[in-house]
Amino acid sequence: MSGMTKLAPLVLVFALIAAAPFLIGSESWLNLVIVTLYAALLGQAWNILGGYGGQFSFGHAAYFGTGAYTVAVFQVHLGVNPWFGLLLGGLAATAVAAFIGFSTFRYGLRGSYFALVTLAFAEVLRILANTVWFTGAGVGLLIPLERSAENFQFLSKAGFFWVIWAMTLAAFLTVWLIGNSRFGAQLMAVRDNEDAARALGVNAFRVKMGAIMLSGYFSGLGGVFYAQYYLYLDPYIAYGAAISIESLLVPIIGGMGTLFGPLLGAIALHSISEFTRYLIGDVPGISLVLYGVLLVVMGMFMPRGLAGLALRRTRRRPADATVKAVEVEHA
């Protein structure tokens, strides 16, 4: 099967998503599509490290918040154009990811130890952001409203849709390349058995560093988008647990280590969230309760996520067809 043939499903899915602004007339429904793509971006960023690399992070808010605060601080205090801040935010998040990766992988931390250390780094950054003046400390940082495409503040939600669509597509293309590359094979070998991978000559430290930096970069882009979409940040939003939970919950629901798992997870998560909000209203903290319940349910009944469930049913169909054919033949 050629590379373009393998890529066809991804191209088709994002081509269908690209039709949303033309088919959806309501700004509120388009907003749902935007936040779903945004969640898919964060989930795919986590999926690179957690799904394909097997390194479970509880602190992806560290990269998200760094990207968000980078673009906001440069824009508010230095007058830097947010499109340039988009580049800076991604690079800053990558630098933080490299620091955390070097500090943990160098000493062989993995499993629950790695997860807890990443959570600790995110919490340290939250405390720092709650202290220093240029982040607005506990009050937060408000980005001035200057509606124009040149200022990354579009007149309609369609402009934001195309930005998040492009960001998410870039993340999914990156994961597709990982899944069809030597680097991806090495990364999954480290995930499955790091000691065996080392014995085969895989440089586990280098591979995991590459994964965490890519993961941090796309999480940082998600933070930049959030800052420009909502025009407000505070330490609890940028570095809080909610971002880290959403980042890992989306691929867990959809299917870790799969290309379309984060998209399926984002659709399911935000569909359920919107339905719950419609039924009981906007209750503070209800989203975290919902996320926790979903995480328990998925762990108990669908550990491979929605993508794994779909794959299992697809594999059963040929077998079922063969059984029926044999039964007809012997009837």
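Relevant structure appears above.
Residues numbered from 1 in each chain as written. Predicted model: local features only at pLDDT ≥ 70, side-chain atom pairs only at ≥ 80, totals over all residues. Heavy atoms only, no water.

Moving on to the overall build of the chain. Secondary structure summary: the chain contains 15 helices and 2 strands in total. Relative to a compact globule of 331 residues, whose C-alpha radius of gyration would be 20 Å, the chain shows 21 Å and is just as compact. For the chain, the C-alpha atoms occupy an extent of roughly 80 × 55 × 40 Å along the three principal directions. Split by element, the accessible area of the chain, about 16100 Å² in all, is 69% carbon and sulfur. (Helix = DSSP H or I, 4+ residues; strand = E, 2+ residues; numbered from the N terminus. Rg over C-alpha atoms; globule rule 2.2 N^0.38 Å. Areas by Shrake-Rupley, 256 points an atom, 1.4 Å probe, with all protein chains shown as cover.)

Contact geometry of helix 3 (residues 27-50) with helix 13 (residues 261-280) gives a least axis separation of 8 Å together with a crossing angle of 135 degrees. Classified by the angle their axes make, helix 3 and helix 13 are oblique. Crossing geometry of helix 3 relative to helix 13 is assigned as right-handed. Residues Leu32, Val35, Thr36, Ala39, Ala40, Gly43, Gln44 and Asn47 of helix 3 form the contact with helix 13, whose participating residues are Pro262, Leu263, Ala266, Ile267, His270 and Glu274. Of the residues in the contact of helix 3 with helix 13, the class split is 8 nonpolar, 5 polar and 1 charged. (Axes fitted to C-alpha atoms, helices over the stretch in contact; angles between N-to-C directions. Parallel < 35°, antiparallel > 145°, perpendicular 65-115°, else oblique. Left-handed = near helix turned anticlockwise from the far one by under 90°. Contact = heavy atoms within 4.5 Å. Nonpolar A, V, L, I, M, F, W, Y, C, P; charged D, E, K, R; others polar.)

All right, on to helix 5 (residues 82-105) then. In a regular helix each residue adds 1.5 Å, so 24 residues correspond to 34 Å; helix 5 covers 33 Å between its end C-alpha atoms and thus fits that length. Its side-chain oxygen placed 2.8 Å from the backbone nitrogen of tryptophan 83, asparagine 81 serves as the N-cap of helix 5. (Expected span 1.5 Å × (residues − 1). Polar contact = N/O pair within 3.5 Å; in protein donor to acceptor, adjacent residues only side chain to side chain.)

Right, let's get into the environment of alanine 238. Take alanine 238: it is sitting in helix 11 (residues 235-238). As for alanine 238 and threonine 66, which are separated by 172 residues in sequence, their C-alpha atoms are 7.7 Å apart. The residues touching alanine 238, leaving out its near neighbours within four places in the chain, are Ala61, Phe64, Gly65, Tyr69, Leu233 and Ile243.

Attention now goes to the pattern of salt bridges. One pass over the structure, following the stated rule, counts 6 salt bridges. We note a salt bridge from glutamate 194 to arginine 110, for which the minimum N-O separation is 3.5 Å. Pair noted here: glutamate 194 is in helix 9 (residues 194-199) and arginine 110 is in the loop between helix 5 and helix 6 (112-129), with a separation of 84 residues, a long-range link. Taking the relative accessible area as the measure of exposure, glutamate 194 reaches 6% and is therefore buried. Across the pair arginine 198 and glutamate 194 runs a salt bridge whose closest N-O atoms are separated by 2.6 Å. With a gap of 4 residues between them, arginine 198 and glutamate 194 both fall in helix 9, about one helical turn apart. The partly exposed category is assigned to arginine 198, whose relative accessible area is 41%. Through salt bridges with shared partners, one network takes in Arg110, Glu194, Asp195, Arg198 and Lys208. (Salt bridge = Lys/Arg side-chain N within 4 Å of Asp/Glu carboxyl O. Buried < 20%, exposed > 50% of the residue type's maximum accessible area, 1.4 Å probe, protein only.)

Moving on, we get to the packing of aromatic side chains. Considering all chains together, one arrives at 25 aromatic pairs under this definition. Between the aromatic rings of phenylalanine 99 and phenylalanine 121, the centroid separation amounts to 5.9 Å while the plane-to-plane angle is 85 degrees, which identifies the pairing as edge-to-face. Placement of the pair is phenylalanine 99 in helix 5 and phenylalanine 121 in helix 6, with a sequence separation of 22 residues. An angle of 75 degrees between the planes, with centres 5.0 Å apart, marks the rings of phenylalanine 161 and tryptophan 162 as edge-to-face. For tryptophan 162, a relative accessible area of 34% corresponds to the partly exposed category. (Phe/Tyr/Trp six-rings, centres within 6.5 Å; stacked < 30°, edge-to-face > 60°.)

Looking now at the nonpolar core. If you look at the biggest cluster of nonpolar residues, it comprises 88 residues, and the most contacted ones within it are Ile212 and Phe225. Sequence-distant contacts of isoleucine 212, that is, excluding residues within four places in its chain, are made with Leu49, Tyr63, Ala97, Ile100, Gly101, Phe105 and Phe114. (Core = buried A, V, L, I, M, F, W, Y, C linked by side-chain atoms within 4.5 Å.)

For residues that are not glycine, phi is negative in most cases, and the peptide bond is trans in most cases. One non-glycine residue, alanine 137, lies in positive phi territory at about 50 degrees. Residue position: alanine 137 is located in the loop between helix 6 and strand 1 (141-142). The residue phenylalanine 152 is not glycine, and still its phi comes out positive at about 60 degrees. The topology assignment puts phenylalanine 152 in the loop between strand 1 and helix 7 (157-179). Owing to a relative accessible area of 0%, phenylalanine 152 belongs among the buried residues under this scheme.

Mapped onto the secondary structure, valine 296 falls in helix 14 (residues 286-301). With a relative accessible area of 49%, valine 296 lands in the partly exposed category. The sequence separation of valine 296 and leucine 221 amounts to 75 residues, and the corresponding C-alpha distance is 29 Å.

Take the side chain of threonine 168 next. Counting through the fold element by element, threonine 168 comes out in helix 7. The residues contacting threonine 168, other than those within four sequence positions of it, are Phe14, Leu37, Ala40 and Leu41.

Another point: the packing of helix 3 against helix 12 (residues 241-254). Running from N to C, helix 3 and helix 12 point in directions that differ by 80 degrees, and their axes come no closer than 7 Å. Judged on the interaxial angle alone, helix 12 and helix 3 are roughly perpendicular. Only Ile243, Glu246, Ser247, Leu248, Val250 and Pro251 of helix 12 make contact with helix 3, whose side of the interface consists of Tyr38, Ala39, Leu42, Gly43, Trp46 and Asn47. Considered class by class, the residues forming the contact of helix 3 with helix 12 number 8 nonpolar, 3 polar and 1 charged.

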